[in-house]
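# Structural features, examined
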Amino acid sequence: MRSSLFEQGHQEVQATERFSQQNSQMLRVALGEDVLAVKGSMVAFQGDISFTHEGAGSAMKLLKKMVTAEDNPLMRVSGRGEVFFAHEAGYLFQVELDGDALSVNGRNLLAFDAGLQWDIHRTKGAGIMAGGLFNTTLTGHGTVALCTVGQPVLLDCRQQPTYVDVQACVAWSANLVPQVVNSMKMSSLVRGGSGEAFQYAFQGDGFVVVQPYEWKPPSANTSS
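Description of the structure in this document. (Residues numbered from 1 in each chain as written. Predicted model: local features only at pLDDT ≥ 70, side-chain atom pairs only at ≥ 80, totals over all residues. Heavy atoms only, no water.)

### Considerations on the state of the cysteines
In plain terms, the rule: The criterion for a disulfide is a pair of cysteine sulfur atoms lying within 2.5 Å. Classification of residues uses two cut-offs on accessible area relative to the type maximum, computed with a 1.4 Å probe and protein chains only: under 20% is buried, over 50% is exposed, and between them is partly exposed.
One pass over the full model with this rule turns up zero disulfides. The cysteine Cys-169 is free of any disulfide, with Cys-157 supplying the nearest cysteine sulfur at 8.9 Å. Exposure remark for Cys-169: the relative accessible area of 2% places this residue in the buried category.

### So, the pattern of salt bridges
For clarity, the cut-off: Definition used for salt bridges: Asp or Glu carboxyl oxygen within 4 Å of a side-chain nitrogen of Lys or Arg. The helix and strand labels rest on DSSP assignments: H or I over at least four residues marks a helix, E over at least two residues marks a strand, and numbering proceeds from the N terminus.
This model, assessed by the stated rule, comprises six salt bridges. Residue Arg-28 is joined to Glu-82 by a salt bridge in which the shortest nitrogen-to-oxygen separation is 3.9 Å. With Arg-28 in strand S2 (residues 26-31) and Glu-82 in strand S5 (residues 74-85), this pair connects stretches of sequence that are 54 residues apart. A salt bridge links Glu-54 to Arg-76; the shortest N-O distance between them is 2.9 Å. In this pair, Glu-54 is assigned in strand S4 (residues 42-54) and Arg-76 in strand S5, connecting sequence segments 22 residues apart.

### Focus: the packing of aromatic side chains
Cut-off, in case you're wondering: Put simply, two rings from Phe, Tyr or Trp (the six-membered ring, in Trp's case) pair if the centres are within 6.5 Å, and we call them stacked under 30 degrees between planes, edge-to-face over 60, tilted for the rest.
A complete count under the given rule lists five aromatic pairs for this structure. Measuring from ring centre to ring centre gives 5.3 Å for Phe-45 and Phe-51, while their planes differ by 65°; the resulting arrangement is edge-to-face. Clustering of aromatic rings is evident, with ring pairs tying together Trp-172, Tyr-200 and Phe-202.

Shown next, in the form of structure tokens:
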């Protein structure tokens, strides 16, 4: 049997690291310690693996998940073997946390070490008009896997104020405290606006990751 499918570039990549990428759009995790992943992100596995629903862990965290759009149902992946994760052919990136923290748009979160602490936080200034904006903050020592729509850009916020569309923002260093600003005049909003009314405003010693795609607000996803 012959096919370009059997070329080396399509073969499973063996690696010594716990988190490794098979290619730019598929992640391989070697299990030993558990990993938490967004439900539906598993595309294959090898070995003796189990998948269980991961609860919020506390009443306060459960309440946050119930009243926000940041409700990514998580699953705990346990056992011995390898698990492969992907999401709609998005581009994958790994971030190693060394006691620091990362704030992530829940729709860009793929998987992370179960030993990391996570919680949901509301962005300052995100009122009713902004639809309420919440991100998942991960803290501790371990790996976080992100998934972006298209190739992202990393912006340095130290030199000047940085403004990012709230639906295109992937993640930022959690030491930054962004605010939500409205760049449109009220007269423009009355006329329908430009669709670019709300941005995250960043400034300080840190970075923000932006993808070349804007998620639809949760209300737009559920409307018929």
